[in-house]
Amino acid sequence: MAPVFPVHKHRFPLAGSEKEPRDKVVRVSFSENLREYCLNTTIHGLKYIGTVSMTVWERAYFFLTFLIVTVCSIYFISNVYIKWQSSPIIIGLNPIATHIRNIPFPAVTICNMNQVRREAAERIEAHTLEQSVLQSICSIDGDFNVTTYEGKWSVVKKLLLSATQPCSGLLKACRFAKHPEKCTEIFQSVFTDEGLCCTFNTLDSEYMFQKENALNIFPKETSDAVGRFRPILWTPETGFVSHPTNNSFPRVIAGTGVTMGLAIVLDANVSDYYCSSTSSTGFKIIFHSPTESPKITDFAQYIPVGSENRIIITPKINDAAETIRKVAQSQRQCVFANEANLSYYSVYSRNNCELECEAKLILENCGCVLYYLPKLYEDTKICSRANARCYEQIRSSIAFTANTSLSCTCLPGCFEVSYVPDVTTAELQVGQFEIREPMLSDVKDEQYAKKNLALVYIYVKDTYYRSFTKGELVGFTDFLSNVGGLLGLFLGFSIISLVEVIYFLTLRPYCTRKRHQAKLQEPGNGLRQDPRRDLLWFGSKPHGTTAVQFIGRSFGQEYQDRLHHHQYQADGRSVMVTEIAAKIKQIVHSRLQQAGGWLRNTFRSRRNQLGRAFGAPGVPTYPFYE
């Protein structure tokens, strides 16, 4: 049979008692509130510490165990936090492949190894400004004290346009996606570190540069385009802003195979060589994103004369998940488009950032800028050979990775597209047998073709390419799950446990005090019940005898006599009515509990309320673990 809690003889003290005056407010102490929290919290182990029926050694054992598991949980949580902060990014293959129609054809920049035509160089008179500019372009040392070097961009640009081979002479025939094209309509001139070169499928200057500041590196003087092609905006992060068509650029990859790519015939005109950046004849070619300015000198590949070349392009796509935007740049190691702070280029890339950084450092240390670097102002001085020692030292310092005094720390873009070429070469044969290439049908001189011409095919071979995606290795949700799992494993801690701590620290003492004050203000209520007994009943031991009533038995005569004796000592009949109503309510409630499952209620009653009569003489105790 389930026990009902012991009834104290002096549980209801009389109103107006000398020991407990009515106007006195008894506050619940911190230790009593802490003990009740230990008995009722959902955190494992604390209920053993707050159980008064256990010895001091038993409580000390569970308290020490609680401290040990708490320290262990803190240690493992710190390891999870360090991993979350130190390596939050992981790079993996995107499970969704990218179709080639969503990727632009690579920008192709081609330069003749000859930087200045012999015919134009021989016309320049000695000890003139043009000669100083010529020496600067060809990297020829000379006496710069003979004439005043003005270093104006307009003078340098004029000489480059007149002294270098134009695109109309470099490109003899062009074809894209099976359609023959006029080379000067699909290629445009561009100033690079190799002089004047020709580029295909690059972004239009309207979208590539800051409109209000940029000095265009695409000279309009050499362009023969009639405006048949419409420029559109493309960035690695947003893709094509509008739908690309056959008459728009940058152009998309039309298809796979050599016939759907770009085919060009190049003419080096070796007899007109004056100064070259290499020790051979031929061409330099580089493949880059349409939003970038290329670096020919350091990264271009050679195309020899008298050769037929097939170049298979493999797009390398890097993108990022939206969730890593909140991660610091130093941890994710990439830059989003809205975080870019470039002054010359509109679209961020590491290559564009490095070009701007190099121009800024040379301008600050040498007072001039190399002609192919970004220039924000028309009156910016262009470096000559007299400044060679200064700017070469700056460039070497930037390229030397161990140097920390002068460096360009440009992070890659979170969204970038690069192109990896695979080149195969064969000897070009013209005039010896019938060929099916119509672009060589006009070439009759075999010796001239071997010494000056090169045939190049550029294409892709796959329809889909997978991108490398940067994502969260340990996100906040994963971190929270790991922390919650560790706290649950060691302590049984949950969000409700945190709510309980807040409740017992703030709301519980406040509500107890309010309830006590409300009882004192009730009219005709002279009773004052100690809130400490209402919470825990760990008060002083009751005097006299107590009785235990079991469910299913009526009140004994001895209990009835004590009850009537106590009632008549109270002030008025209201106390008697209140006590009888409380006992009837207790009996009804016990019956309902028995019907609902007396096994579960027995354990709960023993754990929470049996301590009320602990220590009373003659009253048996029921440890909760029996």
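Cut-offs applied
- Residues numbered from 1 in each chain as written.
- Predicted model: local features only at pLDDT ≥ 70, side-chain atom pairs only at ≥ 80, totals over all residues.
- Heavy atoms only, no water.
- Pairing = 2+ DSSP bridges.
- Helix = DSSP H or I, 4+ residues; strand = E, 2+ residues; numbered from the N terminus.
- Axes fitted to C-alpha atoms, helices over the stretch in contact; angles between N-to-C directions.
- Contact = heavy atoms within 4.5 Å.
- pLDDT = per-residue confidence, 0-100.
- Buried < 20%, exposed > 50% of the residue type's maximum accessible area, 1.4 Å probe, protein only.
- Disulfide = S-S within 2.5 Å.
- Phe/Tyr/Trp six-rings, centres within 6.5 Å; stacked < 30°, edge-to-face > 60°.
- Parallel < 35°, antiparallel > 145°, perpendicular 65-115°, else oblique.
- Left-handed = near helix turned anticlockwise from the far one by under 90°.
- Nonpolar A, V, L, I, M, F, W, Y, C, P; charged D, E, K, R; others polar.
- Salt bridge = Lys/Arg side-chain N within 4 Å of Asp/Glu carboxyl O.

1. Observations concerning the sheet that holds strand β3 (residues 107-112)
Ordered in space as β7-β8-β3-β15-β16, the 5 strands form an open sheet in which the pairing is antiparallel. Two strands lie at the open edges of the sheet, namely β7 (187-192) and β16 (301-304), each paired on one side alone. Adjacent strand axes in the sheet meet at a mean angle of 35 degrees when their direction is disregarded. Lying over the sheet, helix α6 (residues 153-163) contacts β7 and β8 (195-200), oriented at roughly 130 degrees with respect to β7.

2. Structural notes on the confidence of the model for the chain
On average, residues of the chain score 77 in pLDDT, and 76% of them reach the 70 mark or higher. Between residues 1-26, whose pLDDT stays under 50, and residues either more than four places distant or in other chains, the model counts 64 contacts.

3. A short note on the environment of Asp-422
Here Asp-422 lies in strand β18 (residues 416-427). C-alpha separation for the pair Asp-422 and Thr-314, spaced 108 residues apart in sequence, amounts to 8.1 Å. Once you skip the residues sitting within four places of it in the chain, Asp-422 turns out to touch Arg-310, Ile-311 and Ile-312.

4. A few points about the pairing of strand β13 (residues 262-267)
The buried fraction of β13 amounts to 6 of the 6 residues, a majority that puts the element mostly inside the structure. Side chains Leu-262, Ile-264 and Leu-266 of β13 all project onto a buried face; the interleaved residues Ala-263, Val-265 and Asp-267 project onto the opposite face, where all are buried too. Pairing between strand β5 (residues 171-176) and β13: 5 bridges, direction antiparallel. Within β13, the residue paired with Phe-176 across the bridge is Leu-262.

5. Here we look at the state of the cysteines
Taken as a whole and judged by the stated rule, the model has 9 disulfides. Each disulfide pairs two cysteine sulfurs, and for Cys-111 the partner residue is Cys-197, the sulfurs being separated by 1.8 Å. Every disulfide takes its handedness from the sign of the S-S torsion; for Cys-111 and Cys-197 that torsion is 110 degrees, giving right-handed. A residue pair is termed long-range when its members are at least 10 positions apart, and Cys-111 in strand β3 and Cys-197 in strand β8 qualify at 86 residues. With a sulfur-sulfur separation of 2.0 Å, Cys-357 is cross-linked through a disulfide to Cys-408. Disulfide Cys-357-Cys-408: the torsion about the S-S bond is -90 degrees, which places it as left-handed. Pair noted here: Cys-357 is in helix α12 (residues 350-366) and Cys-408 is in the loop between α13 (388-399) and β18, with a separation of 51 residues, a long-range link.

6. Considering the packing of aromatic side chains
Following the criterion strictly, the structure yields 13 aromatic pairs and no others. A ring pair is formed by Phe-76 and Phe-490, whose centres lie 5.9 Å apart and whose planes are at 15 degrees; its orientation type is stacked. Separated by 414 residues along the polypeptide, Phe-76 in helix α3 (residues 56-86) and Phe-490 in helix α15 (residues 476-490) bring together distant segments of the chain. The exposure class assigned to Phe-490 is partly exposed, which follows from its relative accessible area of 23%.

7. Let's talk about the packing of α3 against α15
Remark: α3 packs on α15, axes separated minimally by 9 Å, with the N-to-C direction vectors making an angle of 165 degrees. As the angle between them shows, α3 and α15 are arranged roughly antiparallel. Between α3 and α15 lies a crossing whose hand is right-handed. Together, Val-69, Cys-72, Ser-73, Phe-76, Ile-77, Val-80, Tyr-81 and Trp-84 of α3 and Phe-476, Phe-479, Asn-482, Val-483, Leu-486, Leu-487 and Phe-490 of α15 make up the contact between the two elements. Taken together, the residues that form the contact of α3 with α15 break down as 13 nonpolar, 2 polar and no charged.

8. What to know about the pattern of salt bridges
If you walk through the whole model with that rule in mind, you get 14 salt bridges. Here Lys-284 makes a salt bridge to Glu-194, at a shortest N to O gap of 3.1 Å. In this pair, Lys-284 sits in strand β15 (residues 282-288) while Glu-194 sits in the loop between β7 and β8, placing the two residues 90 residues apart along the sequence. With a relative accessible area of 5%, Lys-284 lands in the buried category. The buried category is assigned to Glu-194, whose relative accessible area is 2%. In this structure, a network of salt bridges that share partners links the residues Arg-117, Glu-119, Arg-123 and Asp-272.

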